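Report on the structure
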Amino acid sequence: FVLSGWSNHPQVQLLLFFTFCLIYTITITGNLLILMVTVHPSLHMPMYFFLRVLSLLDISTASTVVPKMLASFLSEDRSISYMGCASQLYWVIFSTATECYLLAAMAYDRYVAVCSPLRYAAIMNSRVCLSFVLLACCSGTVVSVVQTAWVLTLPFCGPRKMNSFFCDIPPLLMLSCTDTFPYEMQIIVATVLVLFTPCCLILVSYACIISSTLKISSAEGRQKTFSTCSSHLIVVTLYYASGTLIYLRPKSSSSQDTKKFLALIYTTIVPTLNPLIYSLRNKAIKDVLSRMM
């Protein structure tokens, strides 16, 4: 296959290279910093355990997509082998699907912390946290294997140039020379399971959190609770919104350029924002980081 990437902007290829190189450097550095900081004994809590897993997933997503994109800025050869495409598609789907379920687990963790603080340690014990992560990884693996195997068994004919910067399902469907309607319906079902189901759980969790927070008499207490949860909500909004807009209409030819920018959000921008949001807005992480430095 041939990835067109951002070749329709030849005059700014070098600028795009340095821009995305900087973004990737921030992503890797920030997430590695989160991994190092959250192993501190004072941060042995479920929230920081989930945050470590989230950082690993962000590193996986960015490292699967960005290096190939950076290489395309410096070379006219934008081809990718069939196995290379399969590998990239598998890891992107696995990392993003697993992160969708992990964000739901993090929302439940915040719900227990705010609504049942006295029972928090008993409910969110290490066994429960590990079970949440394993369930998220197993779900991500199943979704990734099924989607990758299914889309790459479609017959491809004619030009194999994708209007994308990585191997993704919508641009691959555009290259297929067979009726893809059954597969599009399957994509919509998968979108409901991977995006809508965790999103509904998150909304329920935060509805309970808001209801409980409004009952706090202290304005300082309400502000602290909202501050704790707002970081998670920012990431959730960006992540689920971009994914939903892409996969609910997988073969909409009129919006391929728009989908390319939306894909950039959940594969490149969100992995960069996660460590910045969680570290800059979290007093405990900033205190540990300052002591370590």
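Residues numbered from 1 in each chain as written. Predicted model: local features only at pLDDT ≥ 70, side-chain atom pairs only at ≥ 80, totals over all residues. Heavy atoms only, no water.

What follows is about the overall build of the chain. When its secondary structure is counted, the chain shows 10 helices and two strands. Secondary structure elements of the chain occur, N-terminal to C-terminal, as β-α-α-α-α-α-β-α-α-α-α-α. In terms of overall dimensions, the chain has C-alpha extents of about 65 × 45 × 30 Å along its principal axes. In the chain, which comprises 293 residues, the proportion classed as buried is 50%. Put simply, of all contacts in the chain between residues at least 6 apart along the chain, 78% involve residues at least 24 apart. Carbon and sulfur atoms form 70% of the exposed surface of the chain, whose accessible area is close to 14000 Å². (Helix = DSSP H or I, 4+ residues; strand = E, 2+ residues; numbered from the N terminus. Buried < 20%, exposed > 50% of the residue type's maximum accessible area, 1.4 Å probe, protein only. Contact = heavy atoms within 4.5 Å. Areas by Shrake-Rupley, 256 points an atom, 1.4 Å probe, with all protein chains shown as cover.)

A separate point is the UniProt feature "transmembrane region" (unreviewed entry) in the chain. Mapped onto the present numbering, the UniProt feature "transmembrane region" (unreviewed entry) falls at residues 12-37, 49-69, 89-108, 128-152, 187-209, 230-249 and 261-280. When the span residues 89-108 is considered, its composition is 100% helix and 0% strand, and the gap between its end C-alpha atoms is 29 Å. With 100% helix and 0% strand, residues 187-209 has its two end C-alpha atoms placed 32 Å apart. (UniProt positions renumbered as here; feature names shortened; annotations may be inferred.)

This part covers the packing of helix H2 (residues 46-74) against helix H5 (residues 126-151). Between two packed helices, what matters for the description is the angle formed by their axes and the separation of those axes. The interhelical angle for the contact between H2 and H5, taken along N-to-C directions, is 25 degrees, at an axis separation of 10 Å. Relative to H5, the element H2 is oriented roughly parallel. Between H2 and H5 lies a crossing whose hand is right-handed. Contacts from Pro46, Phe49, Phe50 and Val53 in H2 reach Cys129, Leu130, Phe132 and Val133 in H5. When the residues that make up the contact of H2 with H5 are grouped by side-chain class, the tally is eight nonpolar, no polar and no charged. (Axes fitted to C-alpha atoms, helices over the stretch in contact; angles between N-to-C directions. Parallel < 35°, antiparallel > 145°, perpendicular 65-115°, else oblique. Left-handed = near helix turned anticlockwise from the far one by under 90°. Nonpolar A, V, L, I, M, F, W, Y, C, P; charged D, E, K, R; others polar.)

With 29 residues, H2 ought to run about 42 Å at 1.5 Å a step, and its terminal C-alpha atoms sit 43 Å apart, in line with that. A maximum bend of about 30 degrees is found in H2 at serine 63, where proline proline 67 lies one to four positions downstream. Burial of H2 is extensive: 22 of the 29 residues sit out of reach of the surface. (Expected span 1.5 Å × (residues − 1). Bend = angle between axes of the 7 residues up to and from the residue.)

For glutamine 147, the location among the structural elements is in helix H5. Polar contacts involving the side chain of glutamine 147 include one to the side chain of tyrosine 183, which spans 3.1 Å. Apart from residues lying up to four places away in sequence, glutamine 147 is in contact with Ile93, Ile169, Tyr183, Gln186, Ile187 and Ala190. (Polar contact = N/O pair within 3.5 Å; in protein donor to acceptor, adjacent residues only side chain to side chain.)

Tracing the chain through its elements places cysteine 21 in helix H1 (residues 13-37). Separated by 18 residues in the primary sequence, cysteine 21 and leucine 3 have C-alpha atoms spaced 18 Å apart.

Within the secondary structure layout, proline 41 lies in the loop between H1 and H2. Looking at proline 41, the relative accessible area reads 63%, which means it is exposed. Placed 247 residues apart in sequence, proline 41 and valine 288 show a C-alpha to C-alpha distance of 9.8 Å.

Turning next to the packing of H5 against helix H7 (residues 181-214). Where H5 meets H7, the axes come as close as 12 Å, and the angle between the chain directions of the two elements is 165 degrees. Between H5 and H7, the angle is such that the two are roughly antiparallel. Remark: the crossing between H5 and H7 carries left-handed chirality. Note on element contacts: H7 touches H5 through Tyr183, Gln186, Ile187, Ala190 and Val194, opposite Val143, Gln147, Trp150 and Val151. Its residues assigned to classes, the contact of H5 with H7 comprises seven nonpolar, two polar and no charged.

Core analysis: the biggest nonpolar cluster contains 82 residues, and Phe20, Leu103 and Leu172 have the highest contact counts within it. With 15 residues, the top contributor of residues to this core is helix H3 (residues 82-115). Setting aside anything within four residues of it in sequence, one finds leucine 172 in contact with Phe1, Cys85, Leu89, Val151, Leu152, Phe156 and Met162. (Core = buried A, V, L, I, M, F, W, Y, C linked by side-chain atoms within 4.5 Å.)

Bringing the environment of arginine 110 into the picture now. Here arginine 110 is to be found in helix H3. When its relative accessible area of 10% is taken as the criterion, arginine 110 is described as buried. As a C-alpha pair, arginine 110 and serine 75 span 35 residues in sequence and 46 Å in three-dimensional space.

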